[in-house]
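What follows is each chain in one-letter form.
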Amino acid sequence: MGAAMRRIHVGNALSAFGLGFTVPYLYVYVAQVRGLGSMTAGLVLAVFAVAALIVLPFAGRAIVRRGPLPVLLIALVTAALGALSLGLSASAATVLLSAAALGAGQAVMQPALATMIVDCSTTETRSRAFAMQFFLQNLGLGVGGLIGGHLVDTTSASSFTLLFAIEAAMFLVLVAVMATVRAPRAPHVEAVPGRAAGGSWKQLLGNRAMMQVCVLGFVLFFACYGQFESGLSAYGVEAAGITTSALGTALAANTLMIVVAQFAVLKFVERRKRSRVIAAVGLIWAVAWAVAGYAGLGHGSQTMATAAFISTYALFGLGEAMLSPTLAPLVADLAPTGLAGQYNSAFALVKQLALAIGPAVGGPLGASLHAPYIVAFLLFSLGITVLAVRLGRQLTDVQNQPSLARSRVVTQGRAPADAVAAAEA
């Protein structure tokens, strides 16, 4: 890794560490510590999603026009102000406004950092770079959540103010770290003749492979990430009789699997077709839902049900470790020169939409309709496999398997799909 990439990875770890301090305790803070009730707490969580959906389309255009670093610095300052004001807020109005600022800043960080990784990597090194990003994000979230859990006191609002202040400080430290990054200068969209202001969006929507990736990404995030803390946890408590401590163990098993397996899985993934890797993830997650079905619908002992439920989260973690060096680099490689920021933002928008809809659908279903819930999401997982196989037919050989480009010279790793196809012909 070069100096720029090292700073980017440090930035990813710091931002995840700061978020880990507060995200697990946000509901308790708003509903109980500030005494604003469950309705306001639910609105705060919704505001995070709405703020992301509003700012991400503009973030993509700003990244293309101005570059990812200025956009990232503005997002970090916005998130820091939102976190600090959230820790000091005592009324519903100020809490919601603060959550909007934090959610917007946090949402824009993702495509900005992803675009910086693209600019500092090549097709050959991109999978490993995104795998490192995902590893550090999960490690930071886990460590931040662990430390935050020991600092928080539900009887003292000042302990939560301290957590939000630490989160804000992490964002500001990240500003100082990222301000020193000297990333390679990516081509700007203005340098491309004949491209109108809205032409990049039209080009994105006309990219069939990218549209299929967006559909696939929506199903992935809806059927997995969108269920972790809503439908699947509700199903575990209501159907499988899982205790809160066992649920915490399951979440820890998910993180541990990612941390332990990430780089071992990377060696397996790097030389295989991306579409086949994603298809394999769908099958692994189908098995995970089947195991979850056994935990809640089987007739084994409570110990077996708990073990099966924890195994479900571990299997999801294995799939996540396979996706991290596959999906984000694929989005980057599909982007024409100069438009990586727009493509990353569009994919982040799809992700946020899935994460907003997933809990709303999965929560009530997992809590009350246990068998239909498992069957539905098992079928969603099999659908991931089908969509991945279809996607493979839209990709060039190099897009689907970047190791084939080892002997080629790839400028920034982001040549347009038709240019790559022409080169192969």
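If you're wondering where the values come from, they're calculated on a predicted model, not measured in any experiment. (Residues numbered from 1 in each chain as written. Predicted model: local features only at pLDDT ≥ 70, side-chain atom pairs only at ≥ 80, totals over all residues. Heavy atoms only, no water.)

A. Local environment of the overall build of the chain. When you go through the chain residue by residue, the secondary structure sums to 18 helices and zero strands. When contacts within the chain are restricted to residue pairs at least 6 apart in sequence, long-range pairs at least 24 apart make up 86% of them. In the structure as shown, the chain presents an accessible area of about 17,400 Å², 68% of it carried by carbon and sulfur atoms. (Helix = DSSP H or I, 4+ residues; strand = E, 2+ residues; numbered from the N terminus. Contact = heavy atoms within 4.5 Å. Areas by Shrake-Rupley, 256 points an atom, 1.4 Å probe, with all protein chains shown as cover.)

B. Representation of helix α14 (residues 327-334) in the model. With seven of eight residues buried, α14 is to be regarded as a mostly interior element. Those residues of α14 that fall on the buried side of the exposure criterion are L327, P329, L330, V331, A332, D333 and L334. (Buried < 20%, exposed > 50% of the residue type's maximum accessible area, 1.4 Å probe, protein only.)

C. Local environment of the environment of F377. With respect to the helices and strands, the residue F377 is situated in helix α16 (residues 370-392). In this structure F377 comes out as buried when scored by relative accessible area, which is 1%. C-alpha separation for the pair F377 and A290, spaced 87 residues apart in sequence, amounts to 9.6 Å.

D. Summary view of the packing of aromatic side chains. Going through the model one piece at a time under the given rule, you end up with 16 aromatic pairs. Among the aromatic residues, those joined into a ring-pair cluster are F218, F222, Y235, W285, W289, F316, Y373, F377 and F380. (Phe/Tyr/Trp six-rings, centres within 6.5 Å; stacked < 30°, edge-to-face > 60°.)

E. Examining the environment of Q262 more closely. Mapped onto the elements of the fold, Q262 is located in helix α11 (residues 244-269). With 55 residues separating them in the primary sequence, Q262 and G317 have C-alpha atoms 9.3 Å apart.

F. Seen up close, the pattern of salt bridges. What the rule picks out here adds up to three salt bridges. Of the charged contacts, one joins R126 and D333 as a salt bridge, the two residues approaching to 2.4 Å between their closest N and O atoms. Taken together, the residues R126 in helix α6 (residues 126-151) and D333 in helix α14 connect sequence positions 207 residues apart. Of the two residues, R126 and D333, both sit in the buried class. With a relative accessible area of 5%, D333 lands in the buried category. Sharing partners across several salt bridges, the network here consists of R126, R274 and D333. (Salt bridge = Lys/Arg side-chain N within 4 Å of Asp/Glu carboxyl O.)

G. Up close: the environment of G241. Looking at where G241 falls in the secondary structure, it is placed in the loop between α10 (231-238) and α11. For the pair G241 and A305, spaced 64 residues apart in the sequence, the C-alpha separation amounts to 8.2 Å.

H. Focus on the confidence of the model for the chain. Of the residues in the chain, 90% reach a pLDDT of 70 or more, and the chain-wide mean stands at 81. Confidence drops under a pLDDT of 50 for residues 187-197, and excluding neighbours within four residues, the segment shows 20 contacts in the predicted structure. Ignoring residues within four places in sequence, the model shows residues 407-425, a span with pLDDT below 50, making 38 contacts including any to other chains. (pLDDT = per-residue confidence, 0-100.)

I. Representation of the nonpolar core within the structure. If you look at the biggest cluster of nonpolar residues, it comprises 115 residues, and the most contacted ones within it are M178, L232, W285 and F309. Looking at which element gives the most residues to this core, the answer is helix α5 (residues 92-119), with 11 residues. Setting aside its immediate chain neighbours within four residues, M178 contacts R7, I8, G11, L69, L72, L73, L113 and M116. (Core = buried A, V, L, I, M, F, W, Y, C linked by side-chain atoms within 4.5 Å.)

J. Fine view of a nonpolar patch on the surface. Where nonpolar side chains cluster on the molecular surface, the patch consists of L139, V143, L146, I147, L151 and L162 and spans about 470 Å² of accessible area. When residues in the nonpolar patch are grouped by element, the largest group, five residues, is from α6. Its location among the elements puts I147 in helix α6. Relative accessible area serves as the criterion here: at 34%, I147 is assigned to the partly exposed category. (Patch = residues over 30% accessible without salt bridge, like charges linked within 9 Å, V, L, I, M, F, W, Y side chains within 5 Å.)

K. Up close: the packing of helix α9 (residues 208-223) against α16. It is the contact of α9 with α16, at a shortest axis distance of 10 Å, that shows an interaxial angle of 160 degrees. If you check the angle between α9 and α16, you find them roughly antiparallel. In the crossing of α9 with α16, the sense of the turn from one axis to the other is left-handed. Within the contact between the two elements, α9 uses A209, Q212, V213, V215, L216, V219, L220, F222 and A223 and α16 uses F377, F380, I384, L387, A388, R390 and L391. (Axes fitted to C-alpha atoms, helices over the stretch in contact; angles between N-to-C directions. Parallel < 35°, antiparallel > 145°, perpendicular 65-115°, else oblique. Left-handed = near helix turned anticlockwise from the far one by under 90°.)

L. Layout of the side chain of Q401. For Q401, the location among the structural elements is in the loop between α17 (397-400) and α18 (417-424). Among the polar contacts listed, one links the side chain of Q401 to the backbone oxygen of R271, at a separation of 3.1 Å. Non-local contacts of Q401, meaning those with residues more than four positions away in its chain, are made with R271, R272 and K273. (Polar contact = N/O pair within 3.5 Å; in protein donor to acceptor, adjacent residues only side chain to side chain.)

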